Amino acid sequence: LAKTTQPISMDSYEGQEVNITCSHNNIATNDYITWYQQFPSQGPRFIIQGYKTKVTNEVASLFIPADRKSSTLSLPRVSLSDTAVYYCLVGDFGGSQGNLIFGKGTKLSVKP
Amino acid sequence: DTGVSQDPRHKITKRGQNVTFRCDPISEHNRLYWYRQTLGQGPEFLTYFQNEAQLEKSRLLSDRFSAERPKGSFSTLEIQRTEQGDSAMYLCASSLASGAGNYGYTFGSGTRLTVV
C-alpha cells in the first residue's frame, strides 16, 4: 500500500510554473503514478500518468526520479483556472482498487 | 460519448429514508467504481465492478449500502436508512481494464447527498 505525502496547499501567480511534489517511499514495482485535478463540486479529472523518467502531455509534465520514491507534477504558466486541488495517486490499477488512496491532495491557489 | 453521467446531481433526504443514485459510465469502459468524498478529503473507494461482477468492496461499505450493475452498463448505489454521516459527494468513475498496463479513471460530476 503506497502511502503518499503532498503539501496541503501552494500559492502561485499567473504565468508562473508550478511544481507539486508527491512522496511515495514504499512504491511497489507494479505501481504507476497518476495525478488528478479537482474543481469544487466536480469529480477529479485525469491529468497525467507515468511509471518512470519523464512524461509530458498538452497540459503538464510528470518527473519521476530513478528510485521512484517521489514524483513532481509540473504545470507550465498557470492561469487562474488552474486553481484546484491536485491529487497524487500511486498504485497498481490492475490490483486491489481499495489500495489506491487519494489522500487530501494539494490545494493550489493561483493569484492574478 | 459525453463522459460519465450521474443522476441526480443533488439529493436532500430525511434521516432514515432510502436513496438511490444512478451512474452511466463511458460506454466502452468495462470497469465502474463508486467513491465517496467528504469536505476537505480526497475520494474514498467504496466498490467496483468489472462488467456486471462486483469484484471488490471497501470495509467502509456498511450493510446499508448496496450497489448493482445488472447488465454491465449503468450502475446504481442504494443507501438504506440514511444517517447524517452519509452526507457526502458520491462519485462514480469508469475505466477500461485491458490487462495491458495501467489506466486512469474518468469521473462523473457526482451526486451531493445531504441527510437532514
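See above for the structure.
This one's a predicted model, so the numbers in the text were calculated from it and none came from an experiment. (Residues numbered from 1 in each chain as written. Chains lettered and ligands numbered in written order. Predicted model: local features only at pLDDT ≥ 70, side-chain atom pairs only at ≥ 80, totals over all residues. Heavy atoms only, no water.)

**Describing the overall build of chain B**
- Secondary structure assignment for chain B yields zero helices and eleven strands.
- Seen in sequence order, chain B has helices and strands lined up from the N terminus as β-β-β-β-β-β-β-β-β-β-β.
- Over its C-alpha trace chain B gives a radius of gyration of 14 Å, about what one expects of a compact globule, namely 13 Å for 116 residues.
- Dimensions along the principal axes, computed over C-alpha positions, put chain B at roughly 45 × 25 × 25 Å. (Helix = DSSP H or I, 4+ residues; strand = E, 2+ residues; numbered from the N terminus. Rg over C-alpha atoms; globule rule 2.2 N^0.38 Å.)

**Some thoughts on the sheet that holds strand E7 (residues 65-68) of chain B**
Residues and elements named next belong to chain B.
- Taken in spatial order, the four strands make up an open sheet running E1-E3-E8-E7, and their pairing is antiparallel. The two strands at the open ends of the sheet, each matched to only one other strand, are strand E1 (5-7) and E7. On average, adjacent strands in this sheet sit at an angle of 15° to one another, irrespective of strand direction.
- Examined bridge by bridge, strand E3 (residues 19-24) and strand E8 (residues 75-79) share five bridges and lie antiparallel to one another. Bridge assignment links Thr-20 to a residue of E8, and that residue is Glu-78. (Pairing = 2+ DSSP bridges. Axes fitted to C-alpha atoms, helices over the stretch in contact; angles between N-to-C directions.)

**What about the interface of chain B and chain A?**
- Contacts between chain B and chain A engage 21 residues on the former and 23 residues on the latter.
- Of the roughly 1700 Å² buried between chain B and chain A on both sides combined, carbon and sulfur atoms contribute 49%.
- At the junction of chain B and chain A, the tally comes to zero salt bridges.
- Taken together, chain B and chain A are joined by seven residue pairs in polar contact (both at pLDDT 80 or more).
- No other element matches strand E4 (residues 31-37) of chain B, which puts four residues into the side of chain B that touches chain A. (Contact = heavy atoms within 4.5 Å. Buried area = accessible area lost by both parts, 1.4 Å probe. Salt bridge = Lys/Arg side-chain N within 4 Å of Asp/Glu carboxyl O. Polar contact = N/O pair within 3.5 Å; in protein donor to acceptor, adjacent residues only side chain to side chain.)

**Thoughts on the state of the cysteines**
- With the rule as written, the count across this model stands at two disulfides over all chains.
- Each sulfur in the disulfide pair Cys-22 of chain A and Cys-88 of chain A lies 2.2 Å from the other. Between Cys-22 of chain A and Cys-88 of chain A the sulfur-sulfur dihedral comes to about -75°; the bridge is accordingly left-handed. Taken as a pair, Cys-22 of chain A in strand E2 (residues 18-23) and Cys-88 of chain A in strand E8 (residues 84-91) lie far apart in primary sequence, 66 residues in all.
- Residue classification places Cys-22 of chain A among the buried positions, given a relative accessible area of 0%.
- A disulfide bridge connects Cys-23 of chain B with Cys-92 of chain B, and the sulfur atoms are separated by 1.8 Å. (Disulfide = S-S within 2.5 Å. Buried < 20%, exposed > 50% of the residue type's maximum accessible area, 1.4 Å probe, protein only.)

**Description of the nonpolar core**
- Within the largest apolar cluster, 20 residues are counted, with the highest numbers of intra-cluster contacts made by Ile-33, Trp-35, Ile-47, Leu-73, Leu-75 and Tyr-86 of chain A.
- Among the secondary structure elements, those contributing two or more residues to this core are E2, strand E3 (32-38), strand E4 (45-50), strand E6 (61-64), strand E7 (70-75), E8 and strand E9 (106-111) of chain A.
- Considering every element that reaches this core, the biggest residue donor is E8 of chain A, with four residues.
- Counting residues in each nonpolar core, the second largest holds 19 residues, with Val-4, Val-19, Ala-88 and Tyr-90 of chain B among its members. (Core = buried A, V, L, I, M, F, W, Y, C linked by side-chain atoms within 4.5 Å.)

**Focus: the sheet that holds strand E1 (residues 9-13) of chain A**
Residues and elements named next belong to chain A.
- One open sheet accounts for five strands, arranged E1-E9-E8-E3-E4; its pairing is mixed. Unpaired on one side and paired on the other, E1 and E4 mark the two borders of the sheet. Strand-to-strand, the axes of this sheet are offset by a mean angle of 25°, without reference to chain direction.
- Sheet analysis places E1 next to E9, joined by five bridges and oriented parallel. Bridging across to E9, Ser-9 finds its partner in Lys-107.

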